[in-house]
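# Structure assessment
Chain by chain, the residues run as shown.
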Amino acid sequence: MLVRAYIGLGSNLQNPLFQIQNALVALGQIPQTELVRHSRLYRSRPMGPVDQPDFVNAVAALDTQLDAYALLSELQSIEQQQGRVRGVLRWGPRTLDLDLLLYGDEQITTEQLTIPHPGLLQRSFVLHPLYEIVPDLQFASGELLAELAKNHPDDELEILDAAEIHR
Ligand code: ROI
């Protein structure tokens, strides 16, 4: 069975632009999975209590035959390949974060995995890139992505243009 999944990407260490671009390539190489499309890259102010560099964020859509746990484990191995060190500082800076935001319409609450991703609905740096690639998305809860995006200001988000990306 083919399931549409959405992944949130974030980085604010070790050349975040490069990290996100690399991660998009790696997402395209996950077995039994196709990278359908991805949003533009956004610069965002760090959310949370820790003073740290700005982030680059994006969202990608995948079609996958992997189950949610197998997909999660692929995401974690990409994070590790790109030098992620886990658990050093909660809310702290990171080389690469890959969050499994949505996996079809499934709702999963286990120790390893909470889907939809609990932070998703509060974070403009997730809502707006997601809205860019799937403006008509309706959550299993009935909520419309368009409504959530409208209620979360995007004034701290800046779209990175091609010139900046290729510099
Ligand atoms: N802030 C922004 N802007 N983008 C992120 O991806 C991000 N990720 C995090 C914390 C540290 C909470 N803040 C973030 O994990």
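Residues numbered from 1 in each chain as written. Predicted model: local features only at pLDDT ≥ 70, side-chain atom pairs only at ≥ 80, totals over all residues. Heavy atoms only, no water.

Glancing now at the overall build of the protein chain. The helix and strand tally for the protein chain stands at five helices and eight strands. Each helix and strand of the protein chain, ordered N terminal to C terminal, gives the series β-α-β-β-β-α-β-β-β-α-α-β-α. Its C-alpha radius of gyration of 15 Å places the protein chain within 12% of the 15 Å reference for a compact globule of 167 residues. Accessible area for the protein chain stands at about 8,900 Å²; split by element, carbon and sulfur atoms hold 49% of it. Across the protein chain, the 12 positively charged side chains and the 22 negatively charged ones have centroids separated by 5 Å. (Helix = DSSP H or I, 4+ residues; strand = E, 2+ residues; numbered from the N terminus. Rg over C-alpha atoms; globule rule 2.2 N^0.38 Å. Areas by Shrake-Rupley, 256 points an atom, 1.4 Å probe, with all protein chains shown as cover. Lys, Arg positive; Asp, Glu negative; His and termini not counted. Charge placed at Lys NZ, Arg CZ, Asp CG, Glu CD.)

So, on to the site of the ligand. By nearness alone, every residue bordering the ligand is listed as S44, R45, P46, M47, Q52, F55, N57, W91, G92, R94, D97 and F125. S44 places a polar side-chain atom, nitrogen or oxygen, 2.7 Å from a nitrogen atom of the ligand. Contact between the ligand and R94: an oxygen atom at 3.3 Å from a side-chain N or O atom of the residue. In the complex, 95% of the free accessible area of the ligand, which totals 350 Å², lies under the protein chains. (Near = heavy atom within 4 Å. Polar contact = N/O pair within 3.5 Å; in protein donor to acceptor, adjacent residues only side chain to side chain.)

Let us now look at the nonpolar core. With 31 residues, the main nonpolar core has L9, I20, L27, L41, L71, L98 and L100 as its most contacted residues. For this core, the secondary structure elements donating two or more residues are strand 1 (3-11), helix 1 (16-27), strand 4 (55-64), helix 2 (68-81) and strand 5 (97-103). Top contributing element to this core by residue count: helix 1, with six residues. Look past the residues within four positions of L27 in its chain and what remains in contact with it is L9, A60, L62, L75, I78 and L98. In terms of nonpolar packing, the next biggest core, distinct from the first, is built from 18 residues, Y42, V59, L127 and F139 among them. (Core = buried A, V, L, I, M, F, W, Y, C linked by side-chain atoms within 4.5 Å. Buried < 20%, exposed > 50% of the residue type's maximum accessible area, 1.4 Å probe, protein only. Contact = heavy atoms within 4.5 Å.)

Enumeration according to the criterion identifies six salt bridges in this entry. One salt bridge connects D63 with R4, and the closest N-O pair in it is separated by 2.6 Å. Of the two residues, D63 sits in strand 4 while R4 sits in strand 1, which places them 59 residues apart along the sequence. Given the relative accessible area of 15%, D63 is considered buried. (Salt bridge = Lys/Arg side-chain N within 4 Å of Asp/Glu carboxyl O.)

Here we come to the side chain of S124. Mapped onto the secondary structure, S124 falls in helix 3 (residues 124-133). Those residues in contact with S124 that sit more than four places away from it in its chain are P129, H152, P153 and L157.

Before going further, it helps to examine the environment of L17. Along the chain, L17 falls in helix 1. With 38 residues separating them in the primary sequence, L17 and F55 have C-alpha atoms 9.0 Å apart. Setting aside residues up to four positions removed in sequence, L17 forms contacts with L41, V56, L160, E164 and I165.

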